Amino acid sequence: MTISKIKGKVYLVGAGPGEPGLITVRGAELLKLADCVICDKLANPLLLNYVRPTAEIINAPKRTGKSSVTQEEINKLLIEKSSKRQIVVRLKGGDPCIFGRGGEEAAILAQAGIDFEIVPGITAGIAAAEYAGIMLTDRNYSSEVIFVTGREADGKKNSGIDWQLFAKFSGTIVFYMAMGSLKFIVGELIKNGMAGDMPAAVIADATLSGQKILLTSLKKICEECIKKKVKPPAIIIVGKAAKGNSKLNWFTKKPLFGKNIVVTRDQKGNAEFAAKIIQRGGNAIELATIKIKPSTQTNRFLKIPAELAEFDWVIFTSANGVSIFFDALRKLGKDGRIFGSAKIAAIGSETAAKLSEFGIRADFVPSVFTSEDLGKELTKYTNLKENKVLLLRSELASDELNKLLTQAGAEVQSAALYEIVTQKNKCGRLKERISEGIIDWLTFASPSSVKGFFEQISSDIKKASNVKIASIGPITSQELKKFGIKVDVEANEHTIDGLLAAIEGAYK
Ligand code: SAH
């Protein structure tokens, strides 16, 4: 997508109801292009992973009463930023114009002569119902749906809500922002003739791993909400549809539903890992413990393209290495043809998959994805005697693989593609959540992540809580043991999918 930058422009983008995958393709593309993102409190912060590191991010949570940024200030910001020729994304929870004041913001922009577009989003009322197995329309019992704001309800003079009409309505009523005025709403509906045993449902934190569903009746809904400690944001559904159907309640049955899982790779790796956790119904908490710094400007690396075709085997020991290698190659104006007749080995399926993104099919992938197994299996697979082998890997990599290949008669050279450094974080909130028992899993996908994590958070934290530890493989587990940490599950297949399978296995 190309966007003219001659003039600034504001995109009022729906972030969807919560789960980051529910943003539209266009919304995600615009986040990637934005110079400035003004973000609503209901938009999932994981969506900011799409945003370029140089873009400005402004959190504008306009909570009523304790507002830190008022609507007037947001309006001013929209005009100010777009006047500087910036691409501004105003990211709003759900759909920008369903009880979202997107209309007011659009009107201000139109008045100021600023170009804008509206990108619709999936609104919470629809998503909450579908993630709870509630069908808002049904040929048998609901031919109509009404969306209502509960904020209008309580005490507003000349309220537009016709309670008599609602009480007789035969379809489904969906209330937004209604937790604060629930008692009033229930009172009005019953007073105007709706049956007290009319089904009513509450769905809080819809589409997220902490989603809560309460299926009850109109007369019991208030006490049930207190009893079950249901907190906003929540959608209230009233009508025959709200009875629900446990067979259609698919979301809470996902394997990691309700689990809080910390991911500790580098930022990019975390984003990929988090997406997989969310697909399985879990909640991912990202803590980037390491940073990957390319070393592709070194003299050693710059000589490689000219020498590459002389090698019999080129070995990649991580997917990160593959990305960095091909990125450097592209900058040098070269492509995969420089491998000539050299054969290519990958340490595991993720590295092989990354190679295939660049049009390269790995000639060899071991059955167990560790450098030791790669060495042992490759030397069985082929006679390496007098073969020239190039190892492309991280600066910290152990010498084990090098030794095994040399013992088999190969002439081994290695070059570092990247260096791994610890990334410092503010970990206070995470430490509290671990101690409070809110976090279910800490996951580790490499020894450097283990080091990065426990250099910042004392290993005593594990003793003081019931948090469980998941490791991607034996080398990472060894590093955990060095810090005195007991590993609860270790992946059989040493990939992120393998790690997730091990965690799921703990619940079977
Ligand atoms: N524009 C938004 C609505 C903003 S009003 C949309 O289209 O969804 C805020 C209200 O939306 C909340 O009070 C709550 O009623 C509802 N809401 C938003 N996100 C929600 C979620 N994840 N779960 C349940 N309700 C949600």
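This text goes with the structure placed above it.
Our subject in this report is the structure included herewith.

Scoring rules and cut-offs
- Residues numbered from 1 in each chain as written.
- Predicted model: local features only at pLDDT ≥ 70, side-chain atom pairs only at ≥ 80, totals over all residues.
- Heavy atoms only, no water.
- Buried < 20%, exposed > 50% of the residue type's maximum accessible area, 1.4 Å probe, protein only.
- Helix = DSSP H or I, 4+ residues; strand = E, 2+ residues; numbered from the N terminus.
- Arc of directions from axis to C-beta.
- Contact = heavy atoms within 4.5 Å.
- Pairing = 2+ DSSP bridges.
- Axes fitted to C-alpha atoms, helices over the stretch in contact; angles between N-to-C directions.
- Patch = residues over 30% accessible without salt bridge, like charges linked within 9 Å, V, L, I, M, F, W, Y side chains within 5 Å.
- Areas by Shrake-Rupley, 256 points an atom, 1.4 Å probe, with all protein chains shown as cover.
- Salt bridge = Lys/Arg side-chain N within 4 Å of Asp/Glu carboxyl O.

## Looking at helix 3 (residues 102–112)
- When we look at burial in helix 3, the residues that qualify are Gly 102, Glu 105, Ala 106 and Leu 109. In a view along the axis of helix 3, the buried residues occupy a sector of 100°, so they form one face of it.
- Among the structural elements, strand 1 (9–14), helix 2 (71–83), strand 4 (87–92) and strand 5 (116–119) are those in contact with the buried residues of helix 3.

## Here we look at the sheet that holds strand 17 (residues 411–422)
- Sheet architecture is open: five strands sit in the order 13-17-16-14-15, paired in mixed fashion. Whereas interior strands pair on both sides, the edge strands pair on one side only; in this sheet they are strand 13 (290–294) and strand 15 (343–346). Averaged over all adjacent pairs, the angle separating strand axes in this sheet is 20°, with direction ignored.
- Running at roughly 135° to strand 15, helix 11 (residues 349–357) makes contact with strand 14 (313–316) and strand 15 of the sheet.
- Strands in contact with helix 12 (residues 371–381) are strand 14 and strand 15; relative to strand 14, the strand with the most contacts, it is inclined by about 155°.

## A word on a nonpolar patch on the surface
- A cluster of nonpolar residues, Ile 98, Phe 99 and Met 177, forms a patch on the protein surface that exposes about 220 Å² of accessible area.
- For Phe 99, the position within the fold is in the loop between strand 4 and helix 3.
- The class for Phe 99 is partly exposed, based on a relative accessible area of 34%.

## Some remarks on the sheet that holds strand 7 (residues 172–176)
- The sheet built from five strands is open, its strands ordered 6-7-10-8-9 with mixed pairing. With one partner strand each, in any of the chains shown, strand 6 (145–149) and strand 9 (212–217) form the two edges of the open sheet. The average angle at which neighbouring strand axes cross in this sheet is 20°, direction not considered.
- When strand 6 meets strand 7, the two strands line up parallel, connected through five bridges. Looking at the pairing, Ile 146 lines up with Ile 173 of strand 7.

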